[in-house]
Amino acid sequence: MDKNMRTAQKRKILEWISSFAFVLPVVIGIAVFTLTPMISSLGYSFTRTYTTVAGMGEFVGLKNYENLFGVYAEQIWDSIGSTFLFTVISLPITLVLSFALALFLAKDFKGVKVFRVVYYLPVMLPAVVSGILWSSLANGSDTSALNVVLAAFGAKPFAFYDSEKTAFFTFILMGLFTIGSSMILWIAQIKAIPDSMFEVADLEGANYFVRLFKIIIPMCTPMIFYNLIMGIINSLQIFSNVITLNIEPAGKEQLNFIVVRIYDFYNSTDLSTACALSWVLFVIIAVISALTFKFNKWVYYGEEV
Amino acid sequence: MQTIKSKRAVGLAIRYVVLLIFAVIFLFPVVELILKAFMTDEDIASGALFPSVFTVAAFPKAIDSGYFWWLKNTLIIGVINMVGITLSSSLCAYGFAKLKFKGRELVFSIVIATLMLPSICMQIPLYKLYFGMGWTNTWLPLIIPGFCGGGAINIFLMRQYMKGIPDSVCEAAKVDGANKFLIYLVIVMPMCLPIAGYVMLMSFLGCWNDFMTPLLYINEQSLYNLSLGLYYRYVNNAGSIPPANVQMAAATVMLLPCIILFFFFQKVLINGVSVGAVKG
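Since the model is a prediction, treat every value here as computed from it, not as a measurement. (Residues numbered from 1 in each chain as written. Chains lettered and ligands numbered in written order. Predicted model: local features only at pLDDT ≥ 70, side-chain atom pairs only at ≥ 80, totals over all residues. Heavy atoms only, no water.)

Asks: What should I look at first to understand the side chain of Asn225 of chain B in this one?
Replies: Residues and elements named next belong to chain B. Summarising the element assignment, Asn225 is placed in the loop between α12 (212-217) and α13 (226-235). The class of Asn225 is buried, set by a relative accessible area of 4%. In contact with Asn225, not counting residues within four places along its chain, are Trp70, Thr74, Cys207, Asp210 and Pro214. (Helix = DSSP H or I, 4+ residues; strand = E, 2+ residues; numbered from the N terminus. Buried < 20%, exposed > 50% of the residue type's maximum accessible area, 1.4 Å probe, protein only. Contact = heavy atoms within 4.5 Å.)

Asks: How do you make sense of unusual backbone geometry when you look at a structure like this?
Replies: Peptide bonds are, in most cases, trans, and in most cases residues other than glycine have a negative phi. For Thr269 of chain A, which is not glycine, the phi dihedral falls at a positive 65 degrees. In this fold, Thr269 of chain A is placed in the loop between α13 (258-267) and α14 (271-294). A residue is classified by how much of its surface remains accessible, and Thr269 of chain A, at 24% relative accessible area, is partly exposed. Even without being a glycine, Asn137 of chain B presents a positive backbone phi close to 60 degrees. Position of Asn137 of chain B relative to the elements: it lies in the loop between α6 (119-133) and α7 (140-147).

Asks: I would appreciate a short explanation of the state of the cysteines in the present structure.
Replies: Cysteine pairs can be covalently joined through their sulfur atoms, and such a bond is termed a disulfide. Residue and element names in this part refer to chain B. A complete count under the given rule lists zero disulfides over all chains for this structure. The cysteine Cys148 is free of any disulfide, with Cys92 supplying the nearest cysteine sulfur at 9.1 Å. By relative accessible area, Cys148 is classed as buried at 18%. Take Cys192: it sits in no disulfide, and the sulfur closest to it among the cysteines is that of Cys170, at 9.5 Å. (Disulfide = S-S within 2.5 Å.)

Asks: Could you clarify how one ought to interpret the environment of Ile14 of chain B in this entry?
Replies: Structurally, the position occupied by Ile14 of chain B is in helix α1 (residues 2-37). C-alpha separation for the pair Ile14 of chain B and Gly95 of chain B, spaced 81 residues apart in sequence, amounts to 50 Å.

Asks: What exactly am I supposed to notice about the environment of Asn241 of chain A here?
Replies: Residue and element names in this part refer to chain A. Along the chain, Asn241 turns up in helix α11 (residues 240-243). The class of Asn241 is partly exposed, set by a relative accessible area of 35%. Between the C-alpha atom of Asn241 and that of Val129, which follows or precedes it by 112 residues, the distance is 9.9 Å. Among residues more than four places away in sequence, those in contact with Asn241 are Ala127 and Phe171.

Asks: Could you clarify how one ought to interpret the domain arrangement of chain B in this entry?
Replies: Where interface size is given, it is often the accessible area lost as the parts come together that is meant. Residues and elements named next belong to chain B. Split by domain assignment, chain B resolves into domain 1 (2-37) and domain 2 (64-279). Measuring from the centre of the C-alpha atoms in domain 1 to the corresponding centre in domain 2 gives 35 Å. Tallying the contact residues gives five residues for domain 1 and seven residues for domain 2. For the pairing of domain 1 and domain 2, the buried interface totals around 500 Å² over both sides, and the portion due to carbon and sulfur atoms is 84%. If you sort the residues of domain 1 by the area they bury against domain 2, Leu33, Lys36 and Ala37 come out on top, with a joint share of 80%. (Domains from an automatic or database assignment. Buried area = accessible area lost by both parts, 1.4 Å probe.)

Structure follows, in structure tokens:
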């Protein structure tokens, strides 16, 4: 009897191991490539560590954080300000425009696929290609493509990326070319709304706006929430699109987002300050995400929840 | 009757006009990229939008032996990742979708939570880890993480898809004496080909476009991928940067595989997105 129980227990453990083995890769992956660096990053942020020297440097307490908001304060607040400004301006425009496009393209009509492909095309541009392309199309010279187009409409040349006054605006404008990625998600969500809902609405004689505000938008709230939270997280980490631009320094200085600043510290071998700033960013993202999750009562997850 | 019909026609016309205007705007950068690649130096200098003569003169200047070398590197890394990410994310997804074990939900929620972590927080300290293990200036940082789970998004999508496969199918195989791995290999995976195709496509493209990882961990010119090679040639180059037609020629060739894959696998792509959207 006792023996039977032990073998039964043994079998249970073996059963668990053989199941767990399937998810082992991701467990190892998170332990090695996510948690270890997260924790060591926190560790480095309390030391004086350089990328060029092996191992962890001497412990300096909160010195790096004091530096961030002391010696570097002006630059850091500037970066935080630009990053927030970018997020606050670009994210709502992106969400609204991509949703509007999706409303146009969710119904099947002749040529709809071609339009979807065309709007999604700029999303396919690799970061480096997009950087090279926009540096050439949107610089301030009279011969840049955008200025040639402006001239054709009789407008004066615009400085675009080459002036500290217009670079930020240009960057937001160029970012709008990638709304196709959210658009595709909206289309999928809108197409998943059961036809019966629209049929009922038709019977009731609802007009387009009633359908939009009473059916389509409420049914899309999970996707609004997803796009919103991922949009916040991604815009706060904007980096590749900036560093791949080959533009006048005056313009590039306006695009001094937080991650660009982190990379600058890293590049100048100052690993510990880079880690400290990345933890500041992490806390900012965590707080904003938590707030967004807290106020998600408006999200409709279907009947069963 | 007549008015309803004409009203509809007007509505349709407005829709097409709006969509066409947007289409022109969205196509402009990509078309201009390709057109500029076929321009002469004079056309570039004068700021022409359309080449006065089509010439391929810029291509040999852009696509030299260095370019081919980086292209080869990118292809190798891309293919390895495509296999690694698909294999590893499908194994994990199978564990989360079809096997029942204690702690499953906890592990899965941790996996999803990693989506919210800013990648820069990991990438900077990882430099030290890779440096300590002698991985900097090798391809290991670009390859090994893919084999370890293949990313939370991919696991999530695969799991969503696998949940759609009825448990009874797996149970039947179990009764017939198939073990868990055999069920994964012979029953679940063949039914998951659409989503596996999507994950493969996205992981290849992700690798093709990856810029941040090589930027942080690779200094050796012979190990660059195409992104990094073009970056040091046309963006961050202390010497003189070649004219726009050469830049655009290099960019066009890099963009070509993305566009070809996109056109051929559009359906796979859009279906893959819907899996996450509709069932998420």
